[in-house]
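Residue-level structural notes
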Amino acid sequence: MRAITLVPGKQGTLGLTEVPDPRPGPGELLVQGLALGICGTDRELVSGEYGFPGEGPMVLGHESLGRVLQAPDGSAFSPGDLVVGVVRRPDPVPCGACARGEFDMCRNGEYTERGIKGRDGYGSERWTVEAGYAVRVDPALGMLAVLVEPASVLAKAWEHIERIGSRAWFQPERLLVTGAGPIGLLAALMGRQRGLEVHVMDRAASGLKPELVAGLGATYHQGSDLDAVGGYLPDLIIEATGSGPLIFQAMLSTASAGIVCLTGVSSAGRQLPADAGRINRDIVLENDVVFGTVNANLRHYRAAAKSLGEADRSWLDALITRRLPMEEFEAAFDEGEHIKVVITLES
C-alpha cells in the first residue's frame, strides 16, 4: 500500500512509500482513502519548519475523506459510508478538558494529532480510524467533503464567537474577514449562512477570490491593511492571514463590544512597533474581546458537515483549485496561487 510519508523535523524526507496494509483493531473502521486536502501546516511539516522530531517516519495528512470498507459490529457505520477522520486525540492523563471531550482545548499539550503530532495521518490508500473519531458525511457532497476538516475550524470559531457574544445582548450585523484563503472563505460562507453583511479583504486584485466572495453575496476589498475597507467598523472580525500588522489593526477596528477571532498562525521572531496603551484602552473601554482558536472536536466536525451540506455545491467546488493524483503528490507542496489543493488517493 502506498502512503505519503516524511520524517518530522527533517527537510527533504517527503516521499511516496510502500507501507504495510492497515489492520483495524477493536472498534476501528477500515477505510479506503479517497482524498487528502493540503494546507499550510502540511507545507511547514514538509519544509521542516514544524514537526516533532524523534518519532521516525510518519504518514502525512489531516484533511481526510474516505469510504468505509469494514465497520465493527454495533457501530453506527456501514460499508460504503463516506467518512472524515477527526485529527486530534486527547492526552493520556487526561487534562480536565480532554476528559470531557473538549480535546481541542487540551490544557497540558500532551494530545496527539493524525498526520501532525505522534500519529500517522490519512495520506494513504487505506487507513483505520476509531469509530468514535469518525464523522459520517452526506454522500451528496462527494469529494467536496474533504473540506470538512478546515470547515470544522470555522465551526468552532463561530461557536466561540456566539458564546462570547452571549455574555450580553448580542445581535451582530457586520462581519469582516481578513484573508481569502480556504479558512477566510469558509468563514465568510458561514457568516452569510448566519445572515450577516459580510466583507472580505485580501491582497488579490482580481481573479477567483473576488469572484468567490461575490458569489456569496459578500463585498470584496483589495488591499493589505484595513485602510482598504474605508472606515468600516464591523461587529466581528475573523482574521485569517496571521499578519502581525493586520492583527494589531483588527484589535482597533471593531464596533463597540466587538469580537476579533484570530485563526491565522504568525511566524515568530518578527518584532513590530505597537501602541500597547491605545490597544489596551480600546479593548477595555469598548468591552472588546480578542481570542485565538485552532483545531476542533467532534461536534465542530458535525457542524461543519452540516454547513457544507447547506452550501452551494458549485461554489464549494470552485474552492478546490488544484486536484492531483497520488503519483504527483510533490506538486501539492509547490508555492502557488491555488486556494485549496487536494490529492486523490484512490487509483
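Up top you'll find the structure we're talking about.
Rules behind the numbers
- In this convention, every chain numbers its residues from 1, walking through the sequence in written order.
- Per-residue local features of the predicted model are confined to residues with pLDDT of at least 70, and side-chain atom pairs are confined, for both listing and counting, to 80 or more; whole-chain, interface and lining totals are unaffected and use all residues.
- The basis for every side-chain value is the complete set of heavy atoms in the structure, and neither hydrogens nor water enter the calculation.
- Counting from the N terminus, the helices are DSSP H or I runs at least four residues long and the strands are E runs at least two residues long.
- In this description the radius of gyration comes from C-alpha coordinates, and the expected globular size is given by 2.2 Å times residues to the power 0.38.
- Relative accessible area decides the class of each residue, using a 1.4 Å probe on protein chains only: under 20% of the type maximum gives buried, over 50% gives exposed, and in between gives partly exposed.
- Any two residues having at least one pair of non-hydrogen atoms within 4.5 Å are treated as being in contact.
- Each accessible area value is a Shrake-Rupley result obtained with a 1.4 Å probe; residue values ignore everything except the protein chains displayed when judging cover.
- Each aromatic pair joins two rings of Phe, Tyr and Trp (for Trp, the six-membered one) with centres within 6.5 Å, and gets the label stacked for planes under 30 degrees apart, edge-to-face for over 60, and tilted for any other angle.
- Remark: a charge is flagged as sitting over a ring if the NZ atom of Lys or the CZ atom of Arg is within 6 Å of the ring centre and within 35 degrees of the ring normal.
- Any two cysteine sulfur atoms within 2.5 Å of one another count as a disulfide.
- Within this scheme, the nonpolar core is defined by two criteria: the residues are buried Ala, Val, Leu, Ile, Met, Phe, Trp, Tyr or Cys, and they are joined through side-chain atoms within 4.5 Å.
- By the convention used here, strands pair only if DSSP detects at least 2 bridges between them.
- We call a crossover right-handed when, viewed with both strands directed away from the observer, the connection leading from the first strand over the helix to the second proceeds clockwise.
- We place a 1 Å grid over just the protein atoms. Points where a 1.4 Å probe fits but has no way out form a cavity, open points with protein on both sides within 12 Å along at least 5 of 7 lines form a pocket, and any residue with an atom within 4 Å of a point lines it.
- Grid points are joined across faces, edges and corners, and a volume is the space filled by probe spheres set on the points.
- Each residue receives one of three labels: charged for Asp, Glu, Lys and Arg, nonpolar for Ala, Val, Leu, Ile, Met, Phe, Trp, Tyr, Cys and Pro, and polar for the others, Gly being one of them.

Things to note about the overall build of the protein chain
- When its secondary structure is counted, the protein chain shows nine helices and 19 strands.
- Relative to the globule expectation of 20 Å for 347 residues, the C-alpha radius of gyration of the protein chain, 20 Å, shows essentially globular dimensions.
- Evaluated residue by residue, the protein chain yields a buried proportion of 50% over its 347 residues.
- Considering only contacts in the protein chain between residues 6 or more positions apart, those separated by 24 or more positions represent 69%.
- Carbon and sulfur atoms make up 49% of the accessible area of the protein chain, which totals about 15,600 Å².

Concerning the packing of aromatic side chains
- Counted by the stated rule, this structure contains two aromatic pairs.
- An angle of 55 degrees between the planes, with centres 5.7 Å apart, marks the rings of Phe103 and Tyr133 as tilted. With a gap of 30 residues between them, Phe103 in the loop between helix H2 (96-99) and strand S8 (112-114) and Tyr133 in the loop between strand S10 (126-130) and strand S11 (134-136) connect regions that are remote in the sequence. Comparing Phe103 with Tyr133, the two get one shared label, buried.
- Seen from their ring centres, Tyr122 and Trp127 are 4.6 Å apart, and the 65 degrees between their planes marks the pair as edge-to-face.
- What makes Trp127 buried here is its relative accessible area of 2%.
- Geometry around Tyr111 places Arg88 over its ring, the cationic atom sitting 3.5 Å from the centre.
- When the ring centre of Tyr111 is taken as reference, the NZ or CZ atom of Lys117 above it lies at 4.2 Å.

A few points about the state of the cysteines
- Per the stated rule, a full pass over the model turns up zero disulfides.
- Unpaired in this structure, Cys39 has its nearest cysteine sulfur neighbour in Cys261, at a distance of 17 Å.
- Owing to a relative accessible area of 14%, Cys39 belongs among the buried residues under this scheme.
- Residue class for Cys261 comes out buried when judged on its relative accessible area of 0%.

Observations concerning the nonpolar core
- Within the largest apolar cluster, 94 residues are counted, with the highest numbers of intra-cluster contacts made by Leu65, Val148, Leu308, Leu316 and Leu319.
- Among the elements that line this core, the one with the most residues is helix H3 (residues 148-165), at eight residues.
- Within the second largest apolar cluster, 13 residues are counted, among which are Val229, Ile247, Ala250 and Met251.

Side note on the pairing of strand S16 (residues 259-262)
- Every second residue of S16 is oriented toward a common face, with Ile259 and Cys261 on one face and Val260 and Leu262 on the other, all of them buried.
- Bridge analysis of strand S15 (residues 236-239) against S16 gives four bridges, and the strand direction is parallel. From the neighbouring strand, Leu236 faces S16, where its bridge partner is Ile259.
- With respect to chirality, the unit in which S15 leads through helix H6 (residues 244-251) into the neighbouring parallel S16 is right-handed.
- The sheet contact formed by S16 and strand S17 (residues 289-292) spans four bridges and is parallel.

Regarding the layout of surface pockets
- Its boundaries defined by the atoms lining it, the second largest pocket holds a volume of some 320 Å³.
- Among the secondary structure elements, those contributing two or more residues to the lining of the second largest pocket are strand S1 (2-6), strand S4 (58-59) and S10.
- Here the lining of the second largest pocket takes five residues from S10, the largest share from any one element.
- Its residues assigned to classes, the lining of the second largest pocket comprises ten nonpolar, four polar and seven charged.

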